[in-house]
Amino acid sequence: MLRAAMRDVLAHKARLAMTMLAVLLGTAFVSGTLVFTDTVSGAYLDSAEKSFTGVDVQLRAARSGAGHDTARLIDEELLDQARALPGAASASGVISGFTALAGKDGQMVGDGWATLGTNRIRHPMAEGRAPQAAGEIAIDATTARRTGYAVGDTVRLSVSGPVLEERITGVFRTDDGNVAAGGTLTLFDTATAQALFAEPGRYNQIELSVTPGTSAEQLRGQAQPLLPPGIEAVTGAQLAAEQADRNAASIRSLSPVLLASAGIALFVGSFLIVNTFTMLVAQRTKQLALLRAVGASRRQVTRSVLAEAGVVGLAATVAGLISGIGVGAGVRAVLSATSDTVPDGPLVVGARTVLVCLALGVGVTLLAAWLPARRAAKIPPVAAMSAIQAPATRRSLVLRNTVGAVLAAAGAALVVAATAVVDGKLPLALGAVLLLVGVIALTPLLSRLLIAAARPVLRRFGISGTLAAQNAVRNPRRTAATASALTIGLTLITALTVTGASADKAVDELAGAGVYRADYIVSMANAGPLAAKTEEILEALDEVVATSPRREIPVQVAGTEQIVVGFRTASIDKLLDIDFTEGGFAPGDTVVVDQETATANGWRLGDTVEFTWPDGARTDLTLSGFYRSAFDDGFKTDVSVMDPHLDRPTAPEIMVATRDGASEATRRTLRAALGDSPAIRTQDRQEVADGITGAIGLVLNLLYGMLALAVVVAILGVVNTLAMSVHERVQEIGLLRAVGLDRHGVKRMVRLESLAISLFGGVLGVGLGTFLGWGIGEVVAAIGIDTWSLVLPWGRLALFVAVAALVGVVAALWPARRAARTDVLTAISAE
């Protein structure tokens, strides 16, 4: 039976080509994604490990689970205690912080947060000397090469505030991972670094190296008893891993999207596989019946078909794996040639990549072929006496339609129910899956109804249109499997489009509805902290009527970590519109919280809540107000309440209200006051909204590109089904030619059949996607975004239907041409 299966694969290799191509594309996408991300992640990790050579343990401000740190500084006393540890060979005080270096064009050099300044002078100088006093810096050799700066040049830079002018005294070589990731590294003398990033005599970190025979974990354990509140000890290995994760984050974040798109493509390809093997089994009814007649058992027949599927899946997977490795290597080479943001490193092809690809490619193929294999096993030996293929029983279709209707109804009900609860993400996801599965199960019934509705239009094309309508519903299962592949892709694309269009409108209305009353939001280009004196400079301008920082720090409330936000509450009414349901900001040790959190905890106005601050101090704050959250919930208080617990108060943004409102002249005044710093952004409300909608659009465009693979596989499915259908109906086509249907009529018949099937899948996908997009929007609105409303981008929805029609036309080109070339005499005499 195994030899028979291998002969069948070779005999039908042309018919299996599309199936292999679909599996190949999916597995190539998976392997390429895994190879690329593993290679880049490995390169970043190697580079990060070089950055922390000689650093076995670091003492630093503690990080919260949300990524915020306590901003605690370290004094000389702790440094002296660390030096005295028995396992410490050396201890150095380190100061570092964001440093934006301006190029000769005035623009910031490097990539956001990866542009750093430090006093850690342990790099070999390529030219000049290390900085020794204020006004002097040294820069890394990569930055010098990119900018054209040399020793003796004066450069402009910013460290979380106004611009400074410094003279370059040296250029040094470094393997620092941030530089390898596209950032810059600037060296200062210790006193200058302390003045810029900390306070005189204080540090951000202490770096320790171990004595022989002491491990990093042992030294870390020795340091633990010395640590004051808000300070933690981490190993050098953890530091390297954190830096590598940060640097590779943008690429790693794409990995789930790419893998999900590949998974969708393979899922769509499974419909192609089901169709292919179903038609192959139907065409080989007599052959399989003869095998049963000469003694083959049902299990042997099933295994024979699955063996064919396994060979096809394995061959396609291996080809896809090799292709994906080539794609991953190619993308890596292109990035290395065109960008300085990815360090060098070897190509990584891990065992995980090979195993995942083999499991997906072969597994999907076998699962998709299992149902046709079962049907093959049920062919009775008596079928060998006849060449007539037995159609599917009505009973099985009734059962399928019943199950599909139940699943679709349950899914739709869950989606609707999800819109009526506060957190409907889980029921929405479950409902979407059930609805999609139910509709796919119902497609045989729906295809009859929708294509029957289109029959009057098809009849206008004469006998070719009439025959096309009949052929499209002749085998509803086949039509359903072919159309479902396109339906899935367009459902996801439409849902994303409707959600994106609604989100764009909601963000625009949020910006225009007065949630932000401030005219400008001043922030760092890397989203890092602004220096405290930045607000002082802005507040001193005649054009400015109100300012407030927005501070965020981690605290402990009732044993759980929370983020408390601080404002200058005396002027907040001119800067933000907070929708209070009860009370409001009040003087003294008070705090406000969103209504949902207050209700969940049973809090009332006047209740007190204990806060544990980063410095370890505990304070009871009185609840003075509850507000309705539009997008920013949690605790909020006055900066005067939190600042005593901070070593160095900073803010990620400062809100500014001006006398004459937003204008280009006012913007120039604000920027000039800050020294036209390349690191500081001054955005009005619309620019903030545009930044959010631009990010949404970027994500949508990326997802469109990824889901295009599913559409390509759907096209292969239509081509494959039509080609095999033409082969199956060769005698029928010959008879049509014999009774007068010319070649043009045959081509038109196949094209119209393809168009009808594709449009059916397209209309169904757009309808489902619109419904799911509405559900997603209602769930988002339920969490507090009151400006959310359904937006239907009719132009793009119409474009998707047109794309479905184009898919039908393109997919039919080769099958229609093949059908038209059928020799009449050969076709009529075919068995």
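Residues numbered from 1 in each chain as written. Predicted model: local features only at pLDDT ≥ 70, side-chain atom pairs only at ≥ 80, totals over all residues. Heavy atoms only, no water.

Charged atoms that come close allow side chains of opposite charge to pair. The full count for this structure, using the stated rule, is 21 salt bridges. A salt bridge links Glu199 to Arg202; the nearest nitrogen and oxygen atoms lie 3.2 Å apart. What makes Glu199 partly exposed here is its relative accessible area of 27%. Judged by its relative accessible area of 19%, Arg202 falls in the buried class. (Salt bridge = Lys/Arg side-chain N within 4 Å of Asp/Glu carboxyl O. Buried < 20%, exposed > 50% of the residue type's maximum accessible area, 1.4 Å probe, protein only.)

This next bit is on the sheet that holds strand β14 (residues 231-235). Strand order in the open sheet formed by 4 strands is β3-β13-β1-β14, with antiparallel pairing between adjacent strands. Pairing within the sheet leaves two strands with one partner each, and these edge strands are β3 (88-94) and β14. Averaged over neighbouring strand pairs, the angle between their axes works out to 20° when direction is ignored. Alignment of β3 against strand β13 (residues 205-210), held across 6 bridges, turns out to be antiparallel. Bridge assignment links Ser90 to a residue of β13, and that residue is Ser209. Against the sheet, helix α3 (residues 76-83) engages β1 (57-61), β3 and β13, with an angle of about 160° to β3. Lying on the sheet, helix α7 (residues 216-223) is in contact with β1, β3, β13 and β14; it crosses β14 at an angle near 170°. (Pairing = 2+ DSSP bridges. Helix = DSSP H or I, 4+ residues; strand = E, 2+ residues; numbered from the N terminus. Axes fitted to C-alpha atoms, helices over the stretch in contact; angles between N-to-C directions. Contact = heavy atoms within 4.5 Å.)

Moving on to helix α21 (residues 664-673). Of the residues making up α21, those classed as buried are Thr666, Arg667 and Leu670. One side of α21 holds all its buried residues, which, seen down the axis, span an arc of 100°. (Arc of directions from axis to C-beta.)

Next up on the list: a nonpolar patch on the surface. The grouping of Leu806, Val809, Val810 and Leu813 at the surface amounts to a nonpolar patch, some 340 Å² of accessible area in total. Of the residues forming the nonpolar patch, the biggest block, 3 residues, is contributed by helix α25 (residues 794-811). Relative to the helices and strands, Leu813 is located in helix α26 (residues 813-820). Given the relative accessible area of 46%, Leu813 is considered partly exposed. (Patch = residues over 30% accessible without salt bridge, like charges linked within 9 Å, V, L, I, M, F, W, Y side chains within 5 Å. Areas by Shrake-Rupley, 256 points an atom, 1.4 Å probe, with all protein chains shown as cover.)

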